[in-house]
Amino acid sequence: MKIYSYLKNSFNDYPGKISCIVFSPLCNFRCYYCHNAELINCKDELVTHKEFFDFLKSRVGMLDAVVISGGEPTLQKGLEKFIVRIKKLGFLVKLDTNGTSPRIVQDLLDKNLLDFIAMDIKAPLDKYRMIIGGNVGVAPKSDPLIQNVITSIKQIKESGVDHEFRTTYSGTLSKEDILEIVKLITVGVAPESDPPKFALQKYNQQKPEHSEPHTYEYFMETADAVKALIGDKFILRY
C-alpha cells in the first residue's frame, strides 16, 4: 500500500467523526475535473508507513477515523494489511472508491475491515465513459467496468455498513442525468425502506476548455428534484 500524502485533520470526510485522510497514488479513471489529477499516473510513495503510523499512534484518542482515498485505493497491493494495522490502533476506517473492484471491497467487508464506504458514481451508465475517459461507444451491458460499477452499488447497499453514493455535478451532466443516477442507486429498494444516502457535489472547473459549472439556480433546481425522491437521505455539497 503506497501513500502519496495524508491530511492530518478533517471534520468533513467521515460523517460525524474527526478523521485523517490518506491519499494513495494511481487511478484507473481519467475524469477531466479530478482535483487530485497528480495521482492518476503517479507510482511514487512519498510518505513511508513508519512516518504515517508514527503520526497515527500520536493521535490515538484525538482522531476517530482514517479515510483511505486517492487515486483509487483498491488498486493498491497491501490494502488489507494496511487497514488491519489501522484497526488494531482502534480507528474506524472509511474507504473512498470508484466501484470498479467489487471483489476486493467484498473481501474487506467479509473481514469486517470497513466502517464506512463512499462510492463515486460519475454519470448515468450510458455516459460513464464520457466522464472517465475511454471508448464512449461501449454499451453499458457489454462493458466489464460498468458491470463492476453496477455490482458495487448493489453490494454496498446490501453490506450493512454505513455508506453514501456521491456525484460531482459537472457541466457535462444534466438534471435528467442526476435523476437517472438516483434511480440507479434506488432500484430494488422497497417502498417502506430508506433509500441510500446520495450527495450531489459542486463541480469546480479545472481548465478553461472544460465544461462550465451549472448556475446556482440550475444546481438547486436539480437538488430539489433529488430531495423530492429521497428526502432526508439527500446531501447537498455546494
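Residues numbered from 1 in each chain as written. Predicted model: local features only at pLDDT ≥ 70, side-chain atom pairs only at ≥ 80, totals over all residues. Heavy atoms only, no water.

(A) Geometry of the overall build of the protein chain. Assigned secondary structure in the protein chain consists of seven helices and eight strands. In terms of overall size, the protein chain behaves like a compact globule, its C-alpha atoms giving a radius of gyration of 18 Å where 238 residues would be expected to give roughly 18 Å. Across its three principal axes, the protein chain shows a C-alpha extent of roughly 45 × 45 × 35 Å. Burial status across the protein chain gives 46% buried among its 238 residues. (Helix = DSSP H or I, 4+ residues; strand = E, 2+ residues; numbered from the N terminus. Rg over C-alpha atoms; globule rule 2.2 N^0.38 Å. Buried < 20%, exposed > 50% of the residue type's maximum accessible area, 1.4 Å probe, protein only.)

(B) Geometry of the pairing of strand β5 (residues 116-120). Along β5, five of the five residues are buried, which leaves the element largely enclosed by surrounding structure. Pairing of strand β4 (residues 92-97) with β5 involves four bridges; the strand directions are parallel. Paired with lysine 94 across the two strands is phenylalanine 116, which belongs to β5. As for the winding sense of the linkage, the β-α-β connection from β4 through helix α3 (residues 102-110) to β5 is right-handed. Here β5 pairs with strand β6 (residues 162-169) via five bridges, running parallel. Bridged to aspartate 120 within β6 is arginine 166. (Pairing = 2+ DSSP bridges. Right-handed = clockwise from strand over helix to strand, strands pointing away.)

(C) Region of the structure containing the side chain of glutamine 201. Assignment of secondary structure puts glutamine 201 in strand β7 (residues 197-202). Among the residues examined, glutamine 201 registers a relative accessible area of 16% and is labelled buried. Discounting chain neighbours no more than four positions away, the residues touching glutamine 201 are Asp120, Arg166, Thr167, Thr168, Tyr169, Phe219 and Arg237. (Contact = heavy atoms within 4.5 Å.)

(D) Broad picture of the pattern of salt bridges. Across all of its chains, the model carries twelve salt bridges by this definition. Note that aspartate 115 and lysine 87 form a salt bridge whose closest N and O atoms lie 2.6 Å from each other. In this pair, aspartate 115 sits in the loop between α3 and β5 while lysine 87 sits in helix α2 (residues 79-88), placing the two residues 28 residues apart along the sequence. (Salt bridge = Lys/Arg side-chain N within 4 Å of Asp/Glu carboxyl O.)

(E) The arrangement of the sheet that holds β7 in detail. Within the open sheet, the eight strands sit side by side as β1-β2-β3-β4-β5-β6-β7-β8. Their pairing is mixed. Strands at the two margins of the open sheet, each flanked by one partner only, are β1 (5-10) and β8 (234-237). Strand-to-strand twist across the sheet, computed as the mean angle between neighbouring axes with direction ignored, equals 20 degrees. Two strands pair when backbone bridges link them, and β7 and β8 are joined in this way by four bridges, in the parallel orientation. Within the sheet, the bridge partner assigned to leucine 200 lies in β8 and is leucine 236. (Axes fitted to C-alpha atoms, helices over the stretch in contact; angles between N-to-C directions.)

(F) Helix α7 (residues 216-230), seen in detail. Here α7 is 15 residues long and its end C-alpha atoms lie 21 Å apart, about the 21 Å a rise of 1.5 Å per residue gives. Those residues of α7 that fall on the buried side of the exposure criterion are Phe219, Thr222, Ala223, Val226 and Ile230. Taken down its axis, α7 places every buried residue within 105 degrees of arc, on the same side. Away from its buried face by more than 90 degrees, α7 exposes Glu217, Asp224 and Ala228. After α7 finishes, the residue glycine 231 shows a positive phi value of roughly 60 degrees. (Expected span 1.5 Å × (residues − 1). Arc of directions from axis to C-beta.)

(G) Spotlight on a nonpolar patch on the surface. On the surface, Tyr216, Leu236 and Tyr238 cluster together into a nonpolar patch covering about 310 Å² of accessible area. According to the relative accessible area criterion, leucine 236 is partly exposed, its value standing at 38%. (Patch = residues over 30% accessible without salt bridge, like charges linked within 9 Å, V, L, I, M, F, W, Y side chains within 5 Å. Areas by Shrake-Rupley, 256 points an atom, 1.4 Å probe, with all protein chains shown as cover.)

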